[in-house]
There are 2 protein chains.
Amino acid sequence: MTYDLWYWDGIPGRGEFVRLALEAGGIPYRECARQPGADEGTLVADLSSARKHPPFAPPYLVAGKMTLAQTANILLFLGEKHGLAPESLEGRLWVNQLQLTIADMVAEAHDTHHPISASEYYEDQKVEAKRRARSFREERMPKFLGYFERVLDGPQAWLAGGKRWTYVDLSLFHLVDGLLYAFPKRMATLAIRYPNVMALHARVAALAELQPYFESGRRLPFGEGIFRQYRELDAA
Amino acid sequence: MTYDLWYWDGIPGRGEFVRLALEAGGIPYRECARQPGADEGTLVADLSSARKHPPFAPPYLVAGKMTLAQTANILLFLGEKHGLAPESLEGRLWVNQLQLTIADMVAEAHDTHHPISASEYYEDQKVEAKRRARSFREERMPKFLGYFERVLDGPQAWLAGGKRWTYVDLSLFHLVDGLLYAFPKRMATLAIRYPNVMALHARVAALAELQPYFESGRRLPFGEGIFRQYRELDAA
């Protein structure tokens, strides 16, 4: 079965966490909003079409008769179905727990540039963004990254233990990638403190399973999505 | 097996979503941070104790040798194990998806009074809170509540369909309860638009399974947690 993945075109966004799992797992999927002739209206129309289980927002995955939304929920499904997560219940719940913690940090990273409203311009909440970004850089980044550092047992470890990556390793890679883009100065300071996290980032970047995707040009660059490069929001 | 639930004492917080499932399911648990002699230090010490799968933050549930954190993840486990969710994979993923959407709204409700930093005083982010709360009231509340209204098929429906409540109905009840507390004026306006949501709130409040809990005095009132009553953040 080929899955249908729906997500806004033009940004990696939350869709990228799903994409990385599909790509690394060698799972066939269609990127619906990037098909020839598709535009933003195509996604908006599909999102509001009648479904048994309507999504609140993209990304969502259509798997036969089933529609699944919420990034962590889609990954929970893919992880179990395609062997991208541990087999035990305990292992699967642990990976889900870590994924939800990543989702929390992703939401906070987004709010550094939109602390007041996602529907207002950045320029209209720049002052507030500066304050929120400072608290994110100084308190939240060390707290989250320090947590993942402790979970990782060493520079050769995967988050769930075991000998093979699981989907949450791909997600942590993408989160760190986004932080390196949005907060290059801060990450230069922090990277030294979190060698296991940085080693995991490098190992996922080098995964043989992901090279065809990275080389395809399909992996969209960061820009106007969750992770943005506003110099005034970064500091060492 | 009696579960150990760890959450900050004194506020309902995110622990309440877990508590409602345990209580409505008739599942034995210990409220660890409220045992005689326990205080905040007891939880802090337990949180930082060595564990195979450390939580990032409370709530967390100790189930024998397993420690589970992240509210939606704990509920996923309890739902499957204790029949508080549909039996089918599709049904369980749907309930999880809805739970994650509730979690998103809960995080946004919190940020109305702490849009800059959770570790700074409300008084020091009051101006920003007013702007964020306005956007939450005017855009986000209708968007989220309108979504749940559409998911509910009528005033007698449960979120997952079927004849019996699942854990996500309890969570929507608590979310609406919190909104009624924090935004009474806004909810008075919106309640008329979302009769299915309000009917579900009333039906959960009347569930026979929950009456012993409600009458026990153990259900903590809202106050200094996620849902707060700041009059300046509310408006019709």
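Thresholds, definitions, all that
- Residues numbered from 1 in each chain as written.
- Chains lettered and ligands numbered in written order.
- Predicted model: local features only at pLDDT ≥ 70, side-chain atom pairs only at ≥ 80, totals over all residues.
- Heavy atoms only, no water.
- Helix = DSSP H or I, 4+ residues; strand = E, 2+ residues; numbered from the N terminus.
- Buried < 20%, exposed > 50% of the residue type's maximum accessible area, 1.4 Å probe, protein only.
- Contact = heavy atoms within 4.5 Å.
- Expected span 1.5 Å × (residues − 1).
- Pairing = 2+ DSSP bridges.
- Axes fitted to C-alpha atoms, helices over the stretch in contact; angles between N-to-C directions.
- UniProt positions renumbered as here; feature names shortened; annotations may be inferred.
- Domains from an automatic or database assignment.
- Buried area = accessible area lost by both parts, 1.4 Å probe.
- Salt bridge = Lys/Arg side-chain N within 4 Å of Asp/Glu carboxyl O.
- Polar contact = N/O pair within 3.5 Å; in protein donor to acceptor, adjacent residues only side chain to side chain.
- Nonpolar A, V, L, I, M, F, W, Y, C, P; charged D, E, K, R; others polar.
- Core = buried A, V, L, I, M, F, W, Y, C linked by side-chain atoms within 4.5 Å.
- Phe/Tyr/Trp six-rings, centres within 6.5 Å; stacked < 30°, edge-to-face > 60°.
- Lys NZ or Arg CZ within 6 Å of the ring centre and 35° of its normal.

Per an unreviewed UniProt entry, chain A is named Glutathione S-transferase, and its organism is Achromobacter anxifer.

Caption draft 1: Representation of the side chain of histidine 114 of chain B in the model. Position of histidine 114 of chain B relative to the elements: it lies in the loop between helix H4 (89-113) and helix H5 (126-151). Histidine 114 of chain B gets classed as buried once you look at its relative accessible area, which sits at 6%. In this structure, histidine 114 of chain B is in contact with Arg132 of chain A together with Glu120, Tyr121, Tyr122, Gln125 and Arg228 of chain B, ignoring residues within four places of it in sequence.

Caption draft 2: The arrangement of helix H4 (residues 89-113) of chain A in detail. Taking 1.5 Å per residue, 25 residues should reach 36 Å; H4 of chain A reaches 37 Å between its end C-alpha atoms and fits that length. Where burial is concerned, most of H4 of chain A is hidden: 19 out of the 25 residues are buried.

Caption draft 3: Spotlight on the sheet that holds strand S1 (residues 3-6) of chain A. Residue and element names in this part refer to chain A. Strand order in the open sheet made by the four strands is S2-S1-S3-S4, with mixed pairing throughout. What marks the edges here is a single partner per strand, and that holds for strand S2 (29-31) and strand S4 (66-69). Geometrically, the sheet is characterised by an average inter-axis angle of 20 degrees between neighbouring strands, direction not taken into account. In the sheet, S1 pairs with strand S3 (residues 60-63) via three bridges, with the strands oriented antiparallel. By the bridge assignment, tryptophan 6 is partnered in S3 with tyrosine 60. Strands in contact with helix H1 (residues 15-24) are S1, S2 and S3; relative to S1, the strand with the most contacts, it is inclined by about 155 degrees.

Caption draft 4: Quick peek at the UniProt feature "domain: GST N-terminal" (unreviewed entry) in chain A. With numbering matched to this structure, UniProt assigns "domain: GST N-terminal" (unreviewed entry) to residues 1-86 of chain A. Across residues 1-86 of chain A one finds 34% helix and 17% strand; the C-alpha atoms that close the span lie 22 Å apart.

Caption draft 5: Molecular detail of the domain arrangement of chain A. All names here are of chain A. When its domains are assigned, chain A resolves into domain 1 (3-82) and domain 2 (89-208). Spacing between the C-alpha centres of domain 1 and domain 2 amounts to 22 Å. Contacts between domain 1 and domain 2 engage 14 residues on the former and 14 residues on the latter. Together domain 1 and domain 2 conceal approximately 1200 Å² of surface at their shared face, both sides included; 76% is due to carbon and sulfur atoms. Together, Phe17, Leu20 and Ala72 form the three largest contributors to the area buried by domain 1 at its contact with domain 2, with a combined 40%. At the boundary of domain 1 with domain 2, the tally comes to one salt bridge. Between glutamate 80 and arginine 92 there is a salt bridge; the shortest N-O distance is 3.0 Å. In this assembly, domain 1 and domain 2 are joined by one residue pair in polar contact (both at pLDDT 80 or more). The set of elements that each furnish at least two residues to the side of domain 1 that touches domain 2 consists of H1 and helix H3 (71-81). Here the residues of the side of domain 1 that touches domain 2 sort into eight nonpolar, three polar and three charged.

Caption draft 6: Fine view of the nonpolar core. Phe148 and Leu179 of chain A together with Phe148 and Leu179 of chain B are the most contacted members of the largest nonpolar core, which has 129 residues in total. The contact partners of leucine 179 of chain B, leaving out residues within four places of it in the chain, are Met105, Phe136, Met141, Leu145, Pro184, Met187 and Phe227 of chain B. Ranked by size, the runner-up nonpolar core spans seven residues in total, among them Cys32, Leu43, Leu47 and Tyr60 of chain A.

Caption draft 7: Here's a closer look at the packing of aromatic side chains. Evaluation of the coordinates by the stated rule reveals 22 aromatic pairs over all chains. An aromatic cluster of at least three residues, connected via ring pairs, comprises Phe56 of chain A together with Phe144, Tyr147 and Phe148 of chain B. The ring of tryptophan 158 of chain A has arginine 203 of chain A sitting right over it, with the charged end atom 3.9 Å from the ring centre. Seen from the ring of tryptophan 165 of chain B, arginine 164 of chain B lies directly overhead, with NZ or CZ sitting 4.5 Å from the centre.

Caption draft 8: Structural detail: the sheet that holds strand S2 (residues 29-31) of chain B. Residue and element names in this part refer to chain B. The strand order across the open sheet built from four strands is S2-S1-S3-S4, with neighbouring strands paired in mixed fashion. At either margin of the open sheet sits one strand with a lone partner, and together these are S2 and strand S4 (66-69). Within the sheet, the average angular offset between the axes of one strand and its neighbour, ignoring direction, is 20 degrees. The pairing of strand S3 (residues 60-63) with S4 spans four bridges and is classified as antiparallel. Residue pairing in the sheet places tyrosine 60 in a bridge with alanine 69 of S4.

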